[in-house]
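For reference, the chains in residue letters:
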Amino acid sequence: MIYDFHSHALFGIDDGAKDIEMSKKMLLTSKEMGVDCVVLTPHLHPSSQEDIDTFIEKRDTLYNELAKDSSLPKLVKACELQLTCDLTKFSGLDKLCIDNTKYILLEMPYTPWSDRTIENAYRLTLKGYIPIIAHDERNIPQNPELRNALYDLNVLIQVNASSFLPASHRRGKGLSVVTASYKREIERMMKLGLVHVIGTDMHNMTTRKPCMDEALKRIQQCYGSECVDYMMNNAERILAGETLSYRDFKSFKRKLFR
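Every value quoted in this text rests on a predicted model; they were computed, and no experiment measured them.

Another point: helix H7 (residues 225-239). Taking 1.5 Å as the rise per residue, H7 with 15 residues should run 21 Å; its terminal C-alpha atoms sit 21 Å apart, in good agreement. Of the residues making up H7, those classed as buried are Cys227, Val228, Tyr230, Met231, Met232, Asn234, Ala235, Arg237 and Ile238. Following H7 by one or two positions, Gly241 has its phi on the positive side, about 80 degrees.

This is the structure we're talking about:
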């Protein structure tokens, strides 16, 4: 099965799909590309308990409406939770996890990290949650020592499918200006075994389209079919609630190709 582990295809809740028609178009396009399962991860930047409660109620209502359409890929309920503070002071975090697991897609701050940032992530692990760091290639500007400290928490890492694509195929505002940095960072992370699952991070059908077919083709060219199988197997195990071990993680060196 092919899994898209990061998407904004749930309509009317963040800066992703604006209405249910757009949601269905994005998801059906993904299905045509071979995607069997899409994890719906709308943004949540909580500053209060009310933010979380309101989000959960709205997300669940919209999810139930979208999931009625049996022509769509399998849909999994989750969120992209920004690490805004010590999140463990809030209740309801279990409902923000990837459906029925302890895995939670965590968006790190874009402002400079501090020791407190890593401590806030650590507090989540103490509560039994397993952070999956969203599009970690975007964290290039952060202090390398703090990034390593984050990895030491035994987090998993998601990267965006578009980050594997050539500049001419890039999706997303601003991606073209960091193409070289992203390319180098992805290669570094792959060598170190720091890429575990991928997601399109799709938001619409124009600037941030579904692109899983092109990305998987590129990954197979650069790193081999074993790498694609590895990422999809990781996704399947996460959704099954299995605990992944760093000892199982693989590194992949970019192949030379024409």
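What follows is about the pattern of salt bridges. For the structure shown, the criterion picks out 15 salt bridges. Between Lys77 and Asp60 there is a salt bridge, and its shortest N-O distance comes to 3.6 Å. Separated by 17 residues along the polypeptide, Lys77 in strand S4 (residues 74-77) and Asp60 in helix H2 (residues 49-66) bring together distant segments of the chain. Asp201 serves as the salt-bridge partner of Arg138, at 3.1 Å between the closest nitrogen and oxygen.

What follows is about the pairing of strand S7 (residues 130-133). Side chains of S7 alternate between two faces, with Ile130 and Ile132 and Pro131 and Ile133 buried alike. Relative to S7, strand S6 (residues 103-107) runs parallel, the two sharing 4 bridges. In the sheet register, Tyr103 faces S7, and the bridge partner there is Ile130. Taking the sense of rotation as the criterion, the β-α-β connection linking S6, helix H3 (residues 115-126) and S7 turns out right-handed. Taking the sense of rotation as the criterion, the β-α-β connection linking S7, helix H4 (residues 144-151) and strand S8 (residues 156-160) turns out right-handed.

With 94% of its residues at a pLDDT of 70 or more, the protein chain has an overall mean of 93. Low pLDDT, under 50, characterises residues 170-178; the stretch is placed with 18 contacts to residues that sit more than four places away or in other chains.

Here we come to H4. Three or more residues of H4 are buried, namely Leu146, Arg147, Leu150 and Tyr151. Taken end-on, H4 shows its buried residues confined to a sector of 150 degrees, consistent with a single buried face. The backbone nitrogen of Glu145 has a side-chain oxygen 2.8 Å away, supplied by the residue at the start of H4, namely Asn143.

Once that is clear, we can look at the environment of Asp152. Structurally, Asp152 can be placed in the loop between H4 and S8. Spatially, the C-alpha atoms of Asp152 and Tyr246 are 10.0 Å apart, while their sequence positions differ by 94 residues.

A separate point is the sheet that holds S4. Pairing in this open sheet of 3 strands is parallel, and the strands run S1-S2-S4 from one edge to the other. The sheet is open, and its two edges are formed by strand S1 (3-7) and S4, each paired on a single side. Averaged over all neighbouring strand pairs, the angle between strand axes comes to 20 degrees, with direction disregarded. Here H7 sits on the sheet in contact with S1, strand S2 (37-40) and S4, set at roughly 70 degrees to S1.

Rules behind the numbers
Residues numbered from 1 in each chain as written. Predicted model: local features only at pLDDT ≥ 70, side-chain atom pairs only at ≥ 80, totals over all residues. Heavy atoms only, no water. Helix = DSSP H or I, 4+ residues; strand = E, 2+ residues; numbered from the N terminus. Expected span 1.5 Å × (residues − 1). Buried < 20%, exposed > 50% of the residue type's maximum accessible area, 1.4 Å probe, protein only. Salt bridge = Lys/Arg side-chain N within 4 Å of Asp/Glu carboxyl O. Pairing = 2+ DSSP bridges. Right-handed = clockwise from strand over helix to strand, strands pointing away. pLDDT = per-residue confidence, 0-100. Contact = heavy atoms within 4.5 Å. Arc of directions from axis to C-beta. Polar contact = N/O pair within 3.5 Å; in protein donor to acceptor, adjacent residues only side chain to side chain. Axes fitted to C-alpha atoms, helices over the stretch in contact; angles between N-to-C directions.

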